[in-house]
Amino acid sequence: MLDLHRLRVLREIARTGSMTAAARSLAYTQPAVSHHVNRLEAEVGTALVVRHGRGVRLTEAGRALVAHADAILARLADAEEEVAAIAGLRAGRVRLAAFPTAAAAFVPAALASLHARAPDVSVTLVEAEPPQALTALRAGEVDVAVVFSHAGEPPDGDARLRTVPLLDDPISVVVPAHHPVAGRPEVRLAELAGDTWVAGCERCRRHLVHACGSAGFEPRIAYTTDESFAVQQLVARGLGVAALPGLAFTLYQQPGLVRLGAPELGDRRIAAVLPAGPRPPAVAAMLDELRAATASGATG
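From a predicted model like this one, the values you see are computed outputs, not experimental measurements.

### Some words on the layout of surface pockets
Then step 1. By volume, the second largest pocket amounts to about 680 Å³.
Then step 2. What lines the second largest pocket is a set of 28 residues, among which Ser149, Glu153, Pro154, Pro155 and Asp156 lie closest to the centre.
Then step 3. Within the residue set of the lining of the second largest pocket, elements represented by two or more residues are strand S5 (144-150), strand S6 (161-176), helix H8 (202-214) and strand S11 (267-275).
Then step 4. Looking at the lining of the second largest pocket, its residues break down into 13 nonpolar, 7 polar and 8 charged.

### Details of empty space enclosed by the protein
Then step 1. A full pass over the atoms with the stated rule returns 2 cavities of 30 Å³ or more.
Then step 2. Here the largest cavity is characterised by a volume of approximately 300 Å³.
Then step 3. Lining the largest cavity are 25 residues; nearest its centre among them are Gly200, Cys201, Cys204, Leu244 and Pro245.
Then step 4. Every element with two or more residues in the lining of the largest cavity is listed here: helix H5 (100-104), S5, strand S7 (196-199), H8, helix H9 (228-236) and strand S9 (241-245).

### With respect to the packing of aromatic side chains
Then step 1. This structure, assessed with the given rule, holds 2 aromatic pairs.
Then step 2. Between phenylalanine 99 and phenylalanine 148, the ring centres sit 4.9 Å apart and the planes meet at 75 degrees, which makes this aromatic pair edge-to-face. Highlighted residues: phenylalanine 99 in the loop between strand S3 (93-98) and H5 and phenylalanine 148 in strand S5, separated in sequence by 49 residues.
Then step 3. The exposure class of phenylalanine 99 is buried, given its relative accessible area of 1%.
Then step 4. Among the residues examined, phenylalanine 148 registers a relative accessible area of 2% and is labelled buried.
Then step 5. For the cation-ring pair, arginine 203 lies above phenylalanine 148, with the distance from its terminal atom to the ring centre recorded as 5.9 Å.
Then step 6. Here the basic side chain of arginine 268 rests over the ring of phenylalanine 148, its NZ or CZ set 4.5 Å away from the ring centre.

### What to know about the packing of helix H1 (residues 4-16) against helix H3 (residues 30-44)
Then step 1. Axis separation between H1 and H3 bottoms out at 9 Å; the angle between their running directions is 115 degrees. Comparing their axes, H3 and H1 come out roughly perpendicular. Read as a crossing pair, H1 and H3 show a hand that is left-handed. Where H1 abuts H3, its residues His5, Arg6, Leu7, Val9, Leu10 and Ile13 lie against Val33, His36, Val37, Arg39, Leu40 and Glu43.
Then step 2. In the contact of H1 with H3, the residues fall into 7 nonpolar, 2 polar and 3 charged.

The rules behind these values
Residues numbered from 1 in each chain as written. Predicted model: local features only at pLDDT ≥ 70, side-chain atom pairs only at ≥ 80, totals over all residues. Heavy atoms only, no water. 1 Å grid on protein atoms, 1.4 Å probe; cavity = no way out; pocket = protein on both sides within 12 Å on 5 of 7 lines; lining within 4 Å. Points joined across faces, edges and corners; volume = space filled by probe spheres on them. Helix = DSSP H or I, 4+ residues; strand = E, 2+ residues; numbered from the N terminus. Nonpolar A, V, L, I, M, F, W, Y, C, P; charged D, E, K, R; others polar. Phe/Tyr/Trp six-rings, centres within 6.5 Å; stacked < 30°, edge-to-face > 60°. Buried < 20%, exposed > 50% of the residue type's maximum accessible area, 1.4 Å probe, protein only. Lys NZ or Arg CZ within 6 Å of the ring centre and 35° of its normal. Axes fitted to C-alpha atoms, helices over the stretch in contact; angles between N-to-C directions. Parallel < 35°, antiparallel > 145°, perpendicular 65-115°, else oblique. Left-handed = near helix turned anticlockwise from the far one by under 90°. Contact = heavy atoms within 4.5 Å.

The structure is reproduced here in C-alpha cells:
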C-alpha cells in the first residue's frame, strides 16, 4: 500500500521543481525528502524522478502517480470533512498556528470563546512566524494559520489556500520619552535617519529597511529581537528607536517610551489562511471566533 505522506512529498516536488525547494516548503531536510522519494520508488518498483539541470523532473510514472495522488488526497480530505460534518461540534479538532503578537493578543479570546461554544472540540496552538505557519498549513500539520503581511508584498498565489482578512494593524514609530520628536503626534522616517534602530522579526526588518530606503536612507540596526517586550525595553532605556505594530501594545506598554504615528510604515494586514474548499465545522467555528475577537478588539 502506498504511503500517503510520501505521496504528499512527491506532489510537492512536482509543484516546486526540485527536492531542495520541496524540502524548504515542507520544512524538511533535503536528505529526508530524498529518503521519502527512494522509499516510494521502492514501493512502486520504478523511478519517479530524474535529475534535470539544477532541479528534478518527474518520469512518466512519477507524473501519473502525482495525478492519482491529487485525486486520492482530495478524496481523503472530503472523507474527513464529511465525518466531521456528521459529528458537528460534538467532536473534531482544530490545529492553529499564529505569530507571537497575535498569539498573545486576540487568539486567547478566540480560543476561550470556542471552548465555551464547543467544549468537546480538541484545539491546539503553536506559535510560528508567517512563513513557518504557512509551511505547516501546506504540509497538513495545522488547519488554520494566522499570519500577517505588509503593503506591497506580493500575494501568496497558492490556489490551494484561502485568505480571510481579520484586521489591519497600524505600525508606529517608538522613541524614548526624552527623544527630540517625542512630543509630536507623527514623525517622518527621514527625521530618524541618524538614529540607531531596534528591529523585530525577519519580515518586519525587511519592511523597515524598505520603508526607510523609500525615505532616502538605510537604517542603522544595532539590535534585533523577535520579542516585542524586549524591543520596548531597549527603546525605553534610550538605546534606539523602533517600529512596532499596535498589537504589540495591547497587553503591555513599557513606561519611558512614546508612540508616534508614521504613515510611511503603513499597516500590517492580519489574516487567517485555510485550505481551499469546504471547511469542517470545527474549523469554521474557529474562524468565526477569530473574526469576532478581532472585530471586538478582544485582547484578554
